[in-house]
Amino acid sequence: MIKKILNWFRFLRYIKRGGVYNVSLQTVSDSELLKDKVCVVTGGSKGLGYAIVKRLLSAGSLVVAIGSDEKRLVEAKDRLNSDKFFYYCWDLTDITDIE
């Protein structure tokens, strides 16, 4: 990881000095990248978190949604109707609940 960060800084320094850097990009679809991966989404029962859960499921990921409201998590499970969706009721704002 440190090597990647150092390379990134070398790249930025090179560009800052007026250098030209050729980059080769390869397109990878979300489906290829996320298929059969395990993803954890906090706040996955509503709003942006729920939208992320839907997108991950459509890409073929196994998704674990974490939320503080079990009723909403169960409703999300019912709406999604997927065998790759799991949920865990956990209030991350309560430090005693983490232990």
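Notes on the structure follow. All of these numbers come straight from a predicted model, not from anything done at the bench.

**Considerations on the side chain of S45**
Mapped onto the fold, S45 is located in the loop between β1 (38–42) and α3 (47–58). On the basis of relative accessibility, which here comes to 9%, the residue S45 falls in the buried class. Setting aside anything within four residues of it in sequence, one finds S45 in contact with Y50, R72, L73, A76 and R79.

**With respect to helix α4 (residues 70–80)**
Among the residues of α4, those classed as buried are L73, A76 and L80. Seen from one end, α4 has its buried residues packed into an arc of 60°, which puts them on one side. Opposite the packed face of α4, turned more than 90 degrees from it, sit the exposed residues K71 and D78. One side-chain oxygen of the residue at the start of α4 lies 3.1 Å from the amide nitrogen of K71, identifying that residue as D69. Just downstream of α4, N81 is the residue with a positive phi angle, here 50°.

**Observations regarding the packing of aromatic side chains**
Throughout the structure, instances matching the rule amount to 1 aromatic pair. For the ring pair Y88 and W90, a centre distance of 5.9 Å and an interplane angle of 80° mean the geometry is edge-to-face. For W90, a relative accessible area of 25% puts it in the partly exposed group. When the ring centre of F86 is taken as reference, the NZ or CZ atom of K77 above it lies at 5.6 Å.

**Some thoughts on α3**
Spanning 12 residues, α3 covers 17 Å between terminal C-alpha atoms, matching the ideal 16 Å at 1.5 Å per step. Among the residues making up α3, those that are buried are G49, Y50, V53, L56 and L57. An end-on view of α3 places all buried positions within 125° of arc, on one side of the element. Among the exposed residues of α3, those pointing more than 90 degrees away from its buried face are G47, L48 and S58. One or two residues past the end of α3 sits G60, with phi positive at roughly 95°.

Calculation criteria
- Residues numbered from 1 in each chain as written.
- Predicted model: local features only at pLDDT ≥ 70, side-chain atom pairs only at ≥ 80, totals over all residues.
- Heavy atoms only, no water.
- Helix = DSSP H or I, 4+ residues; strand = E, 2+ residues; numbered from the N terminus.
- Buried < 20%, exposed > 50% of the residue type's maximum accessible area, 1.4 Å probe, protein only.
- Contact = heavy atoms within 4.5 Å.
- Arc of directions from axis to C-beta.
- Polar contact = N/O pair within 3.5 Å; in protein donor to acceptor, adjacent residues only side chain to side chain.
- Phe/Tyr/Trp six-rings, centres within 6.5 Å; stacked < 30°, edge-to-face > 60°.
- Lys NZ or Arg CZ within 6 Å of the ring centre and 35° of its normal.
- Expected span 1.5 Å × (residues − 1).

Read these as geometric descriptors, not functional statements.
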